[in-house]
Amino acid sequence: MIYRPLLALFRSTLVRTTLKYTLTRNMAALRPKEEDSLLKGVVVSRVMLPDDANNAGNVHGGVILKLMEEAGVVIATRYCNRQAVSSKANPVIAALARVESMDFLLPMHIGEVAEVMAEIRYTASHSLEVIVDVWAEDILHGTKRFTNKATLWYVPFNVETNSVAAVPPMEYESPEIEERGRLAYERQKLERSKTTPSLMSPHPICDNQQQGFWPEQHTVQYSQTTLTHLIMPSDCAVHGYAMGGVIMKLMDECAGVVSAKHCHSNVVTASIDTINFHGKAKKGSLLTVIGRATFTSSRTVEVEVNVDVETIQTFASQTKERAVHAYFNFVSLDKQRKTLQVPPLKVKSPGELQRWEEGKERYEVKKRSRLKAKEEERKKKEELETSMLTPLMSNM
């Protein structure tokens, strides 16, 4: 009953464009110098309603992914069209090309307001890096929590010719900030080249799959899941192609089913390693989303998700093209929403064993990265405490 006034008050999505010079402490140091404040950042706010919930009662991770992508495409498209009016050039629209370092830090609850803040951090000749932070606001008690953060890469396309467009250069506060952005661009470019469709199997099915055979529990075959979705007009932006957020939501749902079948419990998205977009899905296309477990630790399940697309013209020949590839990480929850032990994944073939080893390596890299971040945070805290105590000690 408490949500009825919220439903009436916040049914529509509110989009507010603002300078936001103090979005977060980390973003402030990386902000470029722009004359037009409308190009600085965008904030998308929406109340979380009951139809946004997952089975655990929190906001579905796919809903948050969709909101983050919407904020990113708004600021990236606006920035790329900054000179289109004055130069009478064809307008462009930004398309999501890659998601990296997506972290789900805290759950978001129904009734809270999601405040999604997106800002451009770096521009290359044909791509943009956008950082997105998500805050959950409890408007009844006036509190806020930092729940999600991600780095998104966009590529602009000419609306008339559908060709890749150039990105206007941006100014930076210092050469060091620009160099940091350039290194990040080169790194993601190299990583993306390793996941091109030509390097991946065209049909990501389980090895040694037998027709009419009920697979053993906790094997890859047992939890593998396939979702099929027809791209409708409501899934598309003004350019007639599916929004990246729509596809990411489908991928999150597919990965969630895989994790739930493996764990036999409620699951929630913990993080996403990377999402690489290799192709676009036009209105009327058929998406096939396939998820399979690749690795398990004691508390997490890694799920590989591939999205293949086929058009009306290729339905008869059953020709599919790889559109998106990603790795999702889930945790298992009990009825009290506490983490559970994850059943070990049983690998049965050399291919599954190879994917398990690769997943273990990714897990170890993330673990070392988290420990390093905690150690850096601890040192910063000690330095701050020391700097505050020094004047006090000198006055004694």
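None of these values were measured; they are calculated from a predicted model.

Draft legend 1. Fine view of helix H7 (residues 244–263). In this model H7 runs 28 Å from its N-terminal to its C-terminal C-alpha over 20 residues, within 8% of the 28 Å that 1.5 Å per residue would give. The buried fraction of H7 amounts to 15 of the 20 residues, a majority that puts the element mostly inside the structure. Directly beyond the C-terminal end of H7, a positive phi value near 60° is found at His264.

Draft legend 2. Just the confidence of the model for the protein chain, in detail. A residue-level look at the protein chain finds 81% of positions with pLDDT of 70 or above and a mean pLDDT of 82. Note that residues 1–35 has pLDDT below 50 and, in this model, 73 contacts with residues that lie over four places away or in other chains.

Draft legend 3. Layout of the packing of aromatic side chains. According to the stated counting rule, one finds six aromatic pairs in the structure shown. Here the aromatic residues Tyr122, Trp153, Tyr172 and Tyr185 are joined through ring pairs into a cluster of three or more. Over the ring of Phe157 we find Lys280; its NZ or CZ atom is 4.0 Å from the centre of that ring. One residue, Arg362, lies across the ring of Tyr327, its end atom 3.7 Å from the ring centre.

Draft legend 4. Examining the pairing of strand S6 (residues 143–158) more closely. The pairing of strand S3 (residues 92–104) with S6 spans 10 bridges and is classified as antiparallel. Bridged to Glu100 within S6 is Thr151. The pairing of strand S5 (residues 128–138) with S6 spans 11 bridges and is classified as antiparallel. Residue pairing for S6: Asp133 is matched across the bridge by Lys149. Remark: four residues form the turn of the hairpin made by S5 and S6, two consecutive strands paired antiparallel; Gly142 in that turn has positive phi of roughly 70°.

What counts, and where the lines are drawn
For every chain, the first residue of the written sequence is number 1, and numbering continues from 1 onward in sequence order. Totals for whole chains, interfaces and linings use all residues, but because this is a predicted model, local features are given only for residues with pLDDT of at least 70 and pairs of side-chain atoms are given and counted only at 80 or more. Side-chain figures throughout are based on the complete set of non-hydrogen atoms in the structure, without hydrogens or water. Elements are defined by DSSP. Helices are runs of H or I of four residues or more, strands are runs of E of two residues or more, and each kind is numbered from the N terminus. Multiplying 1.5 Å by the helix residue count minus one yields the expected span of that helix. Here's how the labels work: a residue is buried when its accessible area is under 20% of the maximum for its type, exposed when over 50%, partly exposed in between, all with a 1.4 Å probe on protein chains only. For every residue, the predictor reports its confidence as pLDDT, a number between 0 and 100. For this analysis, residues touch if any pair of their heavy atoms sits within 4.5 Å. Aromatic rings from Phe, Tyr and Trp, with only the six-membered ring used for Trp, were paired whenever their centres fell within 6.5 Å, and each pair was classed as stacked if the ring planes differed by under 30 degrees, edge-to-face if by over 60, and tilted otherwise. A ring is considered to have a charge above it if a Lys NZ or an Arg CZ atom is located within 6 Å of its centre and within 35 degrees of its normal. Whether two strands pair depends on DSSP finding at least two bridges between them.

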